[in-house]
Amino acid sequence: MAAMHAQRHDTRDEFDLVRRAARGEERAVRIIMQTHNRRLYRVARSIVRDGAEAEDVLQEAYLNAFQSLAGFRGDASLATWLTRIVLNEALQRVRRHTDTPTSQVEPPNQWASQVIPFPVNGFPGADPERAMAQRQLCQLVERAIDELSQDFRTVLVARIVEGMSVDETAALLGIRPETVRSRLHRARRMLRLTLADQIGPLFSDVFPFDGQRCERITNAVVARLNLPS
C-alpha cells in the first residue's frame, strides 16, 4: 500500500513538473533536463557513436520535447517519452548522414550552437595515475561498444549502462522481451571478445608503481632511514 501511495505521489509530482515546464518555467525545464540528461545522452551516443553528435541530437530532441509537452498524457513515464524522442532524433540523424551527401546536410539552426555541456567526471583528490588508467579503460569499453552493430549497441546501453528493465527496453525499442534478452546475451559475448583482444597487451602495465606513488614511498623510506645528507 505504501509503495502504491509513493508511486501515485511520484506520478503527481511528474505531472506537476511537466505542467510547469509547459508553461515555460525555467526551473522546471532545468530539473527535467538534469534528471534525464545522462540516460538520454547515452542513448543518443549509442546510436550516433560520437559525443559531439550525441549532444546535438539531445539538444534537438529537448527542443522538440519541450515544444510538445502539452501533448504529454502520461501513457508512459516522462523518462520513456523523452527517450523515445531522443531515439527517433538519433535514428533520423544517422539516416540523413547515410542517405544524404555531406554537402546537402541542412545547416544547424540558431539553437544548434548552444550545445548542452556534458563535463567529464573528475576525480578530486584522486591519484592522477589511477584517474588516467580509469579513463583509458572507459575509452576501451566505449570503442568496443561502438564496434557493435546498432541493434546490439542500443540494447546493451539501455540494459547495462542505464539499468533499464527488459520490459522497459522492449517497449522503448519496439521489440519483444525475448529479443532484448537474446541481443543482450550476444552483445555481452561480442564485447568480451573485443575487450579481451584489446586489453590483453595492457597486462604488462598493470599495478604500476611509478610517478607520485614511487616518489612518495621513496621519500618516506629515506626520511625514516635518517640518512646523512
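Owing to the predicted nature of the structure, the values given are computational and were not obtained by experimental measurement.

The rules we used
- Residues numbered from 1 in each chain as written.
- Predicted model: local features only at pLDDT ≥ 70, side-chain atom pairs only at ≥ 80, totals over all residues.
- Heavy atoms only, no water.
- Helix = DSSP H or I, 4+ residues; strand = E, 2+ residues; numbered from the N terminus.
- Buried < 20%, exposed > 50% of the residue type's maximum accessible area, 1.4 Å probe, protein only.
- Contact = heavy atoms within 4.5 Å.
- Areas by Shrake-Rupley, 256 points an atom, 1.4 Å probe, with all protein chains shown as cover.
- Phe/Tyr/Trp six-rings, centres within 6.5 Å; stacked < 30°, edge-to-face > 60°.
- Expected span 1.5 Å × (residues − 1).
- Polar contact = N/O pair within 3.5 Å; in protein donor to acceptor, adjacent residues only side chain to side chain.
- Salt bridge = Lys/Arg side-chain N within 4 Å of Asp/Glu carboxyl O.
- Arc of directions from axis to C-beta.
- Axes fitted to C-alpha atoms, helices over the stretch in contact; angles between N-to-C directions.
- Parallel < 35°, antiparallel > 145°, perpendicular 65-115°, else oblique.
- Left-handed = near helix turned anticlockwise from the far one by under 90°.
- Patch = residues over 30% accessible without salt bridge, like charges linked within 9 Å, V, L, I, M, F, W, Y side chains within 5 Å.
- Lys, Arg positive; Asp, Glu negative; His and termini not counted.
- Charge placed at Lys NZ, Arg CZ, Asp CG, Glu CD.
- Core = buried A, V, L, I, M, F, W, Y, C linked by side-chain atoms within 4.5 Å.

**Some thoughts on the overall build of the chain**
A count of helical and extended segments in the chain gives nine helices and zero strands. Start at the N end of the chain and walk to the C end: the helices and strands fall as α-α-α-α-α-α-α-α-α. Every one of the 229 residues in the chain was classed for burial, and the buried ones make up 31%. Within the chain, counting contacts between residues at least 6 apart in sequence, those at least 24 apart form 69% of the total. Here the chain has roughly 15,300 Å² of accessible surface; of this, 53% comes from carbon and sulfur atoms.

**Describing the packing of aromatic side chains**
This model, assessed by the stated rule, comprises three aromatic pairs. With centroids separated by 5.3 Å and ring planes inclined at 65°, the aromatic side chains of F72 and W81 adopt a geometry described as edge-to-face. Across the pair, exposure class does not vary: F72 and W81 are buried alike. A connected cluster of aromatic rings, assembled from ring pairs, spans F15, F72 and W81.

**Overview of helix α3 (residues 51-67)**
Structural remark: α-helix, 3.6 residues per turn; residues separated by three or four positions point the same way. Compared with the 24 Å implied by 1.5 Å per residue over 17 residues, the 24 Å span of α3 between its first and last C-alpha is a close match. Considered for burial, the residues of α3 that qualify are E53, A54, E55, V57, L58, Q59, E60, A61, Y62, L63 and A65. N-cap assignment for α3: the residue whose side-chain oxygen lies 3.2 Å from the backbone N of A52 is D50.

**What about unusual backbone geometry?**
One non-glycine residue, R49, lies in positive phi territory at about 60°. Checked against the element boundaries, R49 lands in the loop between α2 (26-48) and α3.

**What about the pattern of salt bridges?**
The tally for this structure, following the rule as stated, stands at 11 salt bridges. Where D16 meets R20, a salt bridge forms, and the shortest distance between an N and an O atom there is 3.5 Å. With D16 and R20 both in helix α1 (residues 2-22) and four residues apart, the pair spans about one turn of that helix. Owing to a relative accessible area of 31%, D16 belongs among the partly exposed residues under this scheme. Residues E89 and R96 are paired through a salt bridge, measuring 4.0 Å at the closest nitrogen-oxygen approach.

**Thoughts on the environment of E162**
Inspection of the secondary structure puts E162 in the loop between α6 (150-161) and α7 (166-173). For the pair formed by E162 and R38, sequence separation is 124 residues and the distance between their alpha carbons is 8.6 Å. Residues in contact with E162, not counting those within four places in the same chain, are R38, R39, R42 and V157. At a separation of 2.8 Å, a polar atom in the side chain of E162 contacts the side chain of R42.

**Remarks on α7**
Of all the positions in α7, only V166, T169, A170 and L172 are classed as buried. In a view along the axis of α7, the buried residues occupy a sector of 165°, so they form one face of it. After α7 finishes, the residue G174 shows a positive phi value of roughly 70°.

**Thoughts on the packing of α2 against α3**
One can describe the packing of α2 onto α3 by two numbers: an axis separation of 9 Å at closest approach and a directional angle of 135°. Regarding the angle of α2 to α3, the classification is oblique. The interaxial crossing formed by α2 with α3 has right-handed handedness. For the pair α2 and α3, contact is made by V29, I32, M33, H36, N37, L40, Y41, A44, R45 and V48 and by G51, E53, A54, E55, V57, L58, Y62 and F66, respectively.

**What about a positive patch on the surface?**
Judged by side-chain charge, R186, R188, R189 and R192 come together as a positively charged surface patch. Residue placement: R186 occurs in helix α8 (residues 177-199).

**Describing the nonpolar core**
L78, W81, L82 and V86 are the most contacted members of the largest nonpolar core, which totals 30 residues. The element that contributes the greatest number of residues to this core is α2, accounting for nine residues. Once residues within four sequence positions are removed from consideration, L78 is found in contact with E14, V18, I32, H36 and F72.

**Considering the side chain of E89**
With respect to the helices and strands, E89 occurs in helix α4 (residues 78-99). The class of E89 is buried, set by a relative accessible area of 9%. Residues contacting E89, with those up to four places away along its chain left out, are V57, E60, A61, N64 and R96.

Keep in mind these values describe shape, not function.
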